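One-letter residues, chain by chain:
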Amino acid sequence: MSKLISPSDLRFFMTLASAGSLSAAAREQGVSPAAVSRHLGLMESRLGSPLINRTTRRMSLTPEGEIYLEHARKIMSDIEGLESQLLGATAVPQGLLRVNATLGFGRSHIAPLISRFTQQYPKVDIQLQLSVNPPPSGDDAFDICFRFGNPPDSRSIARFIAANKRVVVASPAYIQQHGAPQTPQELVQHNCIGIRQGDEAYGLWRFTSTKGKGKNQTTAAENVKIRGNLTTNDGGAALNWALDGHGILLRAQWDVEKHLASGELVPLLTAYNSPDADIYAIYAERHRTSVRVKALIDFVAGAFQHR
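The sections below set out a description of the structure shown in this document. All values reported here derive from a predicted model rather than from experimental measurement. Every residue gets a number counted from 1 within its own chain, in the order that chain's sequence is written. Thresholds applied to this predicted model are a pLDDT of at least 70 for local features of residues and 80 or more for the giving and counting of side-chain atom pairs; totals over whole chains, interfaces and linings are not thresholded and use all residues. Remark: hydrogens and water are excluded; side-chain values derive from all non-hydrogen atoms of the structure.

One bridge is not enough; two strands pair if DSSP finds at least two bridges between them. To qualify as a helix, a DSSP run of H or I must reach at least 4 residues; to qualify as a strand, a run of E must reach at least 2; elements of each kind are numbered from the N terminus. Here strand β3 (residues 95–102) runs beside strand β4 (residues 124–131); their pairing, made up of 8 bridges, is parallel. Its bridge partner lying in β4, A101 is registered against L130. Crossover connection from β3 via helix α5 (residues 103–120) to parallel β4: handedness right-handed. Viewed with both strands pointing away, a crossover whose connecting path from the first strand over the helix to the second turns clockwise is right-handed.

Structure follows, in structure tokens:
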């Protein structure tokens with residue numbers, strides 16, 4: 001008697017749900033769309049229920065498909081957790097890891113680290129997707145998301161990777177021509193480069209300053225609505241504009257540190273602080289015991305600690 005559900009079916013359906021379409025799942029598995037459709041049809045026939053709604057434009061899960069996917073992820077996670085406990089320290093990271101990071105940071109920092117990681121752990125396959133904005137909280141398309149700023153809700157686990165300040169910078173050429181602001185409010189007199197990313201209020205730069213010491217210490221907050229003739233949703237493009245002398249930029253320290261060290265950019269308003277953009281690795285609770293997830297996060301965290 002044939003089984004209604006097999007481990008290969010669970011892995012197949014997880015890949016299909018993550019890919020978002022039959023053709024994308026076929027490309028990921030190296031088979032034809034017809035083979036994917038046939039495998040899915042056999043699964044649905046055995047179960048007696050449709051798992052996927054097929055339309056000409058998109059694919060969506062049926063209620064039965066949602067239940068199937070939820071249990072498939074839990075079962076495969078439990079299997080991996082059992083293997084990890086039985087093998088202990090001898091467990092070798094292997095399998096697929098789907099990783100997300102923001103464009104500039106992912107290209108400059110995460111991608112090179114993944115190159116080194118796969119040299120050390122060749123049995124791990126990594127799919128890296130770079131995006132302007134982080135995926136929504138609860139999105140199951142990725143196993144690990146490297147992101148800036150406060151962690152999302154408690155449904156996910158957030159592992160602190162490294163501290164990261166935001167700094168105000170400009171090129172020496174811009175400062176020579178337009179001068180340097182001495183207070184945040186003076187930014188309204190300057191050309192500032194705007195970045196539209198994530199859920200942050202566009203064009204609003206926040207600052208705090210501390211005065212006094214001990215019990216007499218006070219903190220003042222200032223919000224400035226900046227203006228300028230250049231705006232983008234890509235941090236790399238904004239950085240290049242700042243390097244070309246087009247205006248003042250507020251950017252994460254990791255993105256501009258080498259340009260500050262070389263003198264291509266100059267720090268401004270150093271007596272004021274802007275909200276930190278600390279770096280976190282975000283992953284789902286079910287990956288807590290995953291050897292490959294832990295291995296990559298430990299590898300990235302270790303690399304940043306040694307910088």
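In this section: the pattern of salt bridges. The term salt bridge refers to a pairing of a side-chain nitrogen on Lys or Arg with a carboxyl oxygen on Asp or Glu at a separation within 4 Å. Tallying each qualifying case throughout the model produces 5 salt bridges. Among the salt bridges present, the one from D255 reaches R251, with a minimum N-O distance of 3.1 Å. For every residue, the accessible area obtained with a 1.4 Å probe (protein chains only) is divided by the maximum for its type, and the residue is called buried under 20%, exposed over 50%, and partly exposed between those limits. Overall, D255 belongs to the buried group, its relative accessible area being 14%. The class of R251 is buried, set by a relative accessible area of 14%. When the shortest N-O distance is used, the salt bridge between D298 and K294 registers 2.7 Å. Note that D298 and K294 are positioned in helix α9 (residues 291–305) at a spacing of 4 residues, about one turn of the helix. The class for K294 is exposed, based on a relative accessible area of 51%. Put simply, R159, K294 and D298 are held in one network by salt bridges that share partners.

In this section: the nonpolar core. To define a nonpolar core, start from buried Ala, Val, Leu, Ile, Met, Phe, Trp, Tyr and Cys residues and group those joined through side-chain atoms within 4.5 Å. Counting residues in hydrophobic clusters, the biggest one holds 27 residues, and the most contacted among them are I144, F146, I161, V300 and F304. Between two residues, a contact is recorded if the distance between any of their heavy atoms is within 4.5 Å. Setting aside residues no more than four positions away along its own chain, F146 makes contact with V99, N100, A101, T102, F105, I110, Y280, A281 and V300. Listed in part, the 17 residues of the second largest apolar core include F13, L16, V36 and M76.

Glancing now at helix α7 (residues 235–243). Turning to α7, its buried residues are G235, A238, L239 and A242. Taken end-on, α7 shows its buried residues confined to a sector of 100°, consistent with a single buried face. Looking at the buried side of α7, the elements it contacts are β8 (194–195), β11 (231–232), β12 (249–252) and α8 (253–262). Backbone geometry just downstream of α7 places G245 in the positive-phi region, at approximately 85°. Within this analysis, the arc is defined by the directions that extend from the helix axis to the C-beta atoms.

Before going further, it helps to spend a moment on the environment of P275. Residue position: P275 is located in the loop between β13 (266–268) and β14 (279–284). Taking C-alpha positions, P275 is 7.0 Å from R206, a pair spaced 69 residues apart along the chain. When near neighbours in sequence (up to four residues on either side) are disregarded, P275 contacts R166 and R206.

Assignment of secondary structure puts T102 in strand β3. T102 sits in the buried class, given a relative accessible area of 15%.

Before going further, it helps to spend a moment on the side chain of T62. For T62, the position within the fold is in the loop between β2 (59–61) and α4 (63–87). The definition of a polar contact used here is a pair of N or O atoms within 3.5 Å, where within protein one atom must be able to donate a hydrogen and the other to accept one, and adjacent residues in sequence count solely through side-chain atom pairs. Separated by 2.7 Å, the side chain of T62 and the backbone oxygen of P50 make a polar contact. Every residue in contact with T62, bar those within four places of it in the chain, is listed here: P50, L51, I52 and N53.

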